[in-house]
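# Report on the structure
Letter by letter, the chains look like this.
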Amino acid sequence: MNYPMKYTICGFNQQKLFEYSLDINDAQILRWLIDFAATGKMRKLIENNTVYYLVNYEAIICAFPIMGITSTKAIANRFEKYVKCGLLQKTVRKGGTFSGTATLFAITALVGEMIYEEKSGQNSSKEAENKADSVKSDKNQTSCRKTENAPVSKSDKNQTSYRDKNQTSCRTGTELPVALKNSSLNSSAINSSSRQPAQQTGISAQTAEEELALKKILNYYVDSHGFSEDFIPHLHKKLTEFEILPESYQEFIDFAYTECNKKVKDKSRLMSYIYNSVCDNYFITQFLQNRRVQENKKIEREKQMIICPVCRKKHHFSETCSCGLKDYKNKLEIEFFKKVYQLPDDLKKSLENELDKLSAECGFNFTPENITRMKTQKESIYNKYVKVPHEDYIKIFG
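Residues numbered from 1 in each chain as written. Predicted model: local features only at pLDDT ≥ 70, side-chain atom pairs only at ≥ 80, totals over all residues. Heavy atoms only, no water.

### Here's the deal with empty space enclosed by the protein
Under the definition given, this model contains one cavity of 30 Å³ or more. The volume enclosed by the largest cavity comes to roughly 40 Å³. Among the elements of the structure, α12 (205–221) and α14 (249–263) are those that each provide at least two residues to the lining of the largest cavity. In terms of residue count, α14 provides more of the lining of the largest cavity than any other element does, three residues in total. Of the residues assigned to the lining of the largest cavity, the class counts are eight nonpolar, no polar and no charged. (1 Å grid on protein atoms, 1.4 Å probe; cavity = no way out; pocket = protein on both sides within 12 Å on 5 of 7 lines; lining within 4 Å. Points joined across faces, edges and corners; volume = space filled by probe spheres on them. Helix = DSSP H or I, 4+ residues; strand = E, 2+ residues; numbered from the N terminus. Nonpolar A, V, L, I, M, F, W, Y, C, P; charged D, E, K, R; others polar.)

Written out as structure tokens, the structure reads:
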């Protein structure tokens, strides 16, 4: 007897998981990333209108001991697989606001397709029982559409939304992310809009494209399917009036979600609060003011940037350069550490290991004899990799 395959795993289309060669552990990890990102608590970086999230591999291991994965390297390999599949984008940052080397990932539209893509058409060779189920699902969808298009009476405002009750049947088995389930809207908050339906006829191709881009960005944060049809056109119009360009939509929505998340204690009202706030003139003005403050901070920080005399890269005067070497004023020091910096990576690593080993051997024994021995051995180690006259070495290290 043929049993049907479960349509979703952790909210993802199981067939899609197969196509990307992902297993149930991958589904759990991707679900963790989406849900955590939706809380607004992950450290993030916005670059070229793309939001990158800082992922802590150790946190994933602690969150899912049932997976039996104990190595951060194993988690890192899985994330590399997601990048190769096109599900995530990767960027690496050194220094700046991140300590050491930070690896960040952006969630691509392919992940959204795995979550929201509706079940494909029924196979004609399926048994009669499956066909009956398909017909029943179609009826449920038709019923949902009729209810959504019907006017909302006062008595309906105090009742649970039909959309919420039948969400699973309306979406033909597709599960929403946990963060979105926790933000389900009261139907009266959605349908009580005083705005007139948007006139879709006659809009330019550019406007339609910008509205679609805005909707996609918004759907990364909340499920906007419950919003009224005129919401996206109205929001697009407001942003255009304030001269907020499409390349800034990601920044605006990220600001909106973060601010609303701070102000709403009852997270079940989050989507309703976003719906009623983001088109407000005062709210958009707040965004522009905040952006000016951030730009001024960036300009001020840029003024405080200095150029490393060793690697010639810029870094803030209060921070160590990404090359890992401090700033040197003495010409001999600069020339010496330039040579160290220009060593091939394998030789540079070997040099660091030998110096670390020497420090471990000497420990905290700072007797004159031990200090002299350490200086002699340190000079010997450096001379393996960078040749320097003894008198110059003494001037550099004392």
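Continuing now.
### Let's talk about helix α13 (residues 231–241)
Those residues of α13 not exposed but buried are F231, I232, P233, L235, H236, K238 and L239. Its buried side turned inward, α13 meets α12, α14, α15 (270–277) and α16 (281–303). Backbone geometry just after α13 places E243 at a positive phi near 60°. (Buried < 20%, exposed > 50% of the residue type's maximum accessible area, 1.4 Å probe, protein only. Contact = heavy atoms within 4.5 Å.)

### Remarks on the layout of surface pockets
Counted as a void, the second largest pocket has a volume near 1,600 Å³. Lining the second largest pocket we find 39 residues, and of these K44, L45, I46, Q294 and K298 sit closest to its centre. Of all the elements, α16 adds the most residues to the lining of the second largest pocket, at eight residues.

### Examining the pattern of salt bridges
If charged atoms from side chains of opposite charge come close, those side chains can pair. In total, this model carries 12 salt bridges according to the counting rule given. For E259, the salt bridge is made with K262, and the minimal N-O distance between the two is 3.5 Å. Here E259 and its partner K262 are both found in helix α14, three residues apart, which amounts to about one turn of the helix. The network of salt bridges with shared partners includes D23, D26, R78 and K81. (Salt bridge = Lys/Arg side-chain N within 4 Å of Asp/Glu carboxyl O.)

### Description of the sheet that holds strand β3 (residues 44–47)
For sheets, the rule is that strands pair by backbone hydrogen bonds, running either parallel or antiparallel. The four strands are arranged β3-β4-β6-β5 in an open sheet whose pairing can be described as antiparallel. Where the open sheet ends on each side, the last strands, each with one partner, are β3 and β5 (88–94). For this sheet, the mean inter-axis angle between neighbouring strands, taken without regard to orientation, is 30°. (Pairing = 2+ DSSP bridges. Axes fitted to C-alpha atoms, helices over the stretch in contact; angles between N-to-C directions.)

### Re the side chain of K238
One can find K238 in helix α13. According to the relative accessible area criterion, K238 is buried, its value standing at 12%. If we ignore the near neighbours within four places in the chain, the residues touching K238 are C279, N281 and I284.

### Quick notes on the packing of α14 against α15
The description of two helices packed together rests on the angle between their axes and the distance between the axes. Packing of α14 against α15 brings their axes to within 10 Å, and their N-to-C directions diverge by 125°. The angle between α14 and α15 places the two elements in the oblique class. Pair α14 / α15 crosses with right-handed handedness. Where α14 approaches α15, its residues Y257, C260, N261 and K263 are matched on the opposing element by L270, Y273, I274 and S277. In terms of residue class, the contact of α14 with α15 is made up of five nonpolar, two polar and one charged. (Parallel < 35°, antiparallel > 145°, perpendicular 65-115°, else oblique. Left-handed = near helix turned anticlockwise from the far one by under 90°.)

### Looking at the packing of aromatic side chains
Given two aromatic rings, their pairing is described by the distance between the two centres and the angle made by the two planes. Within the structure shown, the criterion is met by 15 aromatic pairs. Between the aromatic rings of Y57 and F79, the centroid separation amounts to 5.6 Å while the plane-to-plane angle is 45°, which identifies the pairing as tilted. Here Y57, found in helix α3 (residues 57–63), pairs with F79, found in helix α4 (residues 72–85); they are 22 residues apart in sequence, far enough to count as distant. Like Y57, the residue F79 is buried in the burial classification. Arranged with centres 4.9 Å apart and planes meeting at 45°, the rings of F79 and F105 form a pair that is tilted. With F79 in helix α4 and F105 in strand β6 (residues 101–107), the pair connects residues that are 26 residues apart, well separated along the chain. (Phe/Tyr/Trp six-rings, centres within 6.5 Å; stacked < 30°, edge-to-face > 60°.)

### A closer look at the side chain of E379
Here E379 lies in helix α19 (residues 368–385). K375 is the oppositely charged side chain nearest to the buried, salt-bridge-free E379, at an N-O distance of 9.9 Å. For E379, the contacting residues outside a window of four places in its chain are H390 and Y393. (Lys, Arg positive; Asp, Glu negative; His and termini not counted.)

### Focus on helix α17 (residues 331–341)
Taken as a whole, α17 has its buried residues at E333, I334, F336, F337 and V340. Viewed along the axis of α17, the buried residues span an arc of 170°, placing them on a single side of the element. (Arc of directions from axis to C-beta.)

### Looking at the packing of helix α2 (residues 24–38) against α4
Where α2 contacts α4, the two axes come as close as 11 Å, and the packing angle between them is 85°. Looking at the two axes, α2 sits roughly perpendicular to α4. When α2 is examined against α4, the residues N25, D26, I29, L30 and L33 are found in contact with a partner set consisting of I75, R78, F79, K81 and Y82.

### Quick word on the environment of L212
Locating L212 in the fold gives a position in helix α12. For L212, a relative accessible area of 47% corresponds to the partly exposed category. Spatially, the C-alpha atoms of L212 and I232 are 8.4 Å apart, while their sequence positions differ by 20 residues.

Read these as spatial facts, not as claims about activity.
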